[in-house]
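Analysis of the macromolecular model
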Amino acid sequence: MAERKWILIVSLAFIVLVSSSTSRIMKSSQLQYSYMGELTSMILGKLRFWATFNNGVDDNAAKSRAIGPNMTACHHSYGRPDLLVYCCPPGFEKSVPFVDFEFPDPRSLVRLRRPAHLLNESYIAKYNKALSIMKSLPYDDPRSFARQAELHCQFCTGAYEQLNHSDSSVNIHRCRLGLGYPEGMPIPDYYVNKKLAFFHTERDFSHFPPRVADLAYSTDQNHPHVSNDEQTDVNLKFMHTQMVSGARKTELFMGCAYKAHDGYCNSPGTIESAPHNTLHTWIGSSFNPGREDMGKFYSAAKDPIFYAHHSNIDRLWEVWREINDQRLDITDPDWLDSFFFFYDENLKLVKSKVRDVLDITKLGYSYEEVDHPWLSHRPPPPDGRVLDGIITVKVSRSMKRESKEEEEEEAIVVYGIKVKGNDYVKFDVYVNLSDETKMNPKFREFAGTFAHIPGGGDAMKKKVKLKLEFRNC
Ligand SMILES: [Cu+2]
């Protein structure tokens, strides 16, 4: 129960009016910790082995390839290739006792996460107030907004040494721990109201509402800028590909599972690439070199909109599991046992494993039901290519013949050839043609031909397929 209450408090409290004076105070106190931290991280780097024994690595964990941060070995990390940042928590060098995560009482009330664009005034006011309280807490307090924002920097830029001597760093994105509310294509108005806590200065002002978010955004100069209507249509079709046709397997949707000794795992799933990454970039300020704050790991969580964005990514995972009948999951124990540390509302340090945060029912919350309009927005099939010259395609072989005695034949099938009744159509198919002078049926590269005799009038259209035996040329 206690943990769940904390989750609620955090989710309500992540948005606060950022006054310039508050942020200056925050920055200056972080600066002091930075000097202190530099010294301690130098010393503690030498004591890494010792530190490992003070962070709850039990025998089983040591045998597994699960990953977790060594909380007493924190150091500078790169926020951008040209920027060294320091986001270690004050006093990290001292080992802090921790407790294992416990699920809330299953009989307690289920919390409902609502879409950000559908919140009513009283909800927004409550959220605003809670976030203000978090912002007013001193930097020393791990529950303060500034310290919560640093978690993203610590866990995503590799600030902590990793237990199990892994080259991989535990990345909170793979845990989908975001808190907040789902979609609505433009940024909700209250996020850009300067009188409210949701406002943040380091954003791209040209992307403020009523501009519809560009889920496939790119900073490339040639990236098209389109009307809101066109953008909405692009977004819906884009989401269909990212959620349905492009993500039919767990690994395609989720990306690779982190584990120790495998080196850096940098194979994101469809949703992590976009809309997750693209929206980070779309929201961040174009005046900053890394489109900070949202555009970079080290700074992203300083923007209150980060939490709503990440909660939506969490939600999309649930939606994806639902449309795939809940069958697709990663079962690798090394991934499931990878862990993080977070403070709860009572300032207790809690060790939380990936397996602890996968079932939202056990965590005591759910998402308000919304439509998924992108489900019915499958992009139309391509118009096809007009055969007015040589077309070259790469075809992967479905099988390899083990021996000449085998009876099965391998065939090349050219699907969907469309011809008009009155047209004369003929084309040849060649396999492994490396020399165009051999484009002649007398060579072995010739695989077969398609020929259509005119007749039946233009109104009569035919859709046929050509099947050719594959011979090893
Ligand atoms: Cu993110």
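How each quantity is defined
- Residues numbered from 1 in each chain as written.
- Predicted model: local features only at pLDDT ≥ 70, side-chain atom pairs only at ≥ 80, totals over all residues.
- Helix = DSSP H or I, 4+ residues; strand = E, 2+ residues; numbered from the N terminus.
- Buried ≥ 20, exposed ≤ 12 C-beta atoms within 10 Å, placed from the backbone.
- Contact = placed C-beta atoms within 7 Å.
- Axes fitted to C-alpha atoms, helices over the stretch in contact; angles between N-to-C directions.
- Parallel < 35°, antiparallel > 145°, perpendicular 65-115°, else oblique.
- Left-handed = near helix turned anticlockwise from the far one by under 90°.
- Nonpolar A, V, L, I, M, F, W, Y, C, P; charged D, E, K, R; others polar.
- Pairing = 2+ DSSP bridges.
- UniProt positions renumbered as here; feature names shortened; annotations may be inferred.
- Expected span 1.5 Å × (residues − 1).
- Arc of directions from axis to C-beta.

**Points about the overall build of the protein**
Along the protein, the regular secondary structure elements total 13 helices and 13 strands. Within the span of the protein, comprising 473 residues, buried residues form 33% of the whole. Contacts in the protein between residues at least 24 apart in sequence constitute 72% of all its contacts with a sequence separation of at least 6.

**A closer look at the packing of helix H9 (residues 270-283) against helix H11 (residues 305-323)**
For the pair H9 and H11, interaxial distance at closest approach is 11 Å and the crossing angle is 165 degrees. By the angle between their axes, H9 is roughly antiparallel relative to H11. As H9 runs across H11, the sense of the crossing is right-handed. Side by side, H9 and H11 meet where Ile 271, His 276, Leu 279 and Ile 283 of the first sit next to Ile 305, His 309, Ile 313 and Leu 316 of the second. Grouping the constituent residues of the contact of H9 with H11 by class yields six nonpolar, two polar and no charged.

**Observations regarding the pairing of strand E2 (residues 77-80)**
Relative to strand E3 (residues 83-85), E2 is paired through three bridges, and the arrangement is antiparallel. Bridge pairing in E3 links Ser 77 to Val 85.

**Notes on the sheet that holds strand E4 (residues 98-100)**
Judged by pairing direction, the sheet is mixed, and its three strands sit side by side in the order E4-E8-E7 without closing on themselves. At either end of the open sheet lies a strand with only one pairing partner, and these are E4 and strand E7 (339-343). Here the average twist between neighbouring strands, direction ignored, is 35 degrees. Bridging between E4 and strand E8 (residues 349-353) involves three bridges; their strand directions are parallel. Paired with Phe 98 across the two strands is Leu 349, which belongs to E8.

**Thoughts on unusual backbone geometry**
Cis geometry marks the peptide bond from Pro 209 to Pro 210, where omega comes out at 15 degrees. Looking at the element boundaries, Pro 210 is found in the loop between strand E6 (160-162) and helix H7 (228-245). Cis peptide bonds are those with omega within 30 degrees of zero, and the linkage from Ala 274 to Pro 275 qualifies with 15 degrees. Note on placement: Pro 275 falls in helix H9. One non-glycine residue, Arg 291, lies in positive phi territory at about 50 degrees. Relative to the elements of secondary structure, Arg 291 occurs in the loop between H9 and helix H10 (297-300).

**Details of the environment of Asp 141**
For Asp 141, the location among the structural elements is in the loop between helix H5 (121-136) and helix H6 (145-156). Taking C-alpha positions, Asp 141 is 9.5 Å from Pro 90, a pair spaced 51 residues apart along the chain.

**With respect to the UniProt feature "domain: Tyrosinase copper-binding" (unreviewed entry) in the protein**
Using the residue numbers shown here, the UniProt feature "domain: Tyrosinase copper-binding" (unreviewed entry) corresponds to residues 303-314. For residues 303-314, the end-to-end C-alpha separation is 18 Å, with 83% helix and 0% strand making up the annotated structure.

**Let's talk about H7**
Here H7 contains 18 residues, and its C-alpha end-to-end distance of 24 Å stays within 8% of the 26 Å for a straight helix at 1.5 Å per residue. Those residues of H7 that fall on the buried side of the exposure criterion are Gln 231, Asn 235, Phe 238, Met 239, Gln 242 and Met 243. In a view along the axis of H7, the buried residues occupy a sector of 115 degrees, so they form one face of it. Residues of H7 that are exposed and point more than 90 degrees away from the buried face comprise Asp 229, Glu 230 and Ser 245. Buried residues in H7 make contact with H9 and H11.

**A look at H11**
In this model, H11 (19 residues) spans 27 Å end to end at C-alpha, consistent with the 27 Å of a helix rising 1.5 Å per residue. Every buried residue of H11 is accounted for by Ile 305, Phe 306, Tyr 307, Ala 308, His 309, His 310, Ser 311, Asn 312, Asp 314, Arg 315, Leu 316 and Trp 320. Looking at the buried residues of H11, the elements they touch are strand E5 (111-113), H7, helix H8 (250-254), H9, H10 and strand E9 (365-367). In the stretch just after H11, Asp 325 is the one whose phi turns positive, near 60 degrees.

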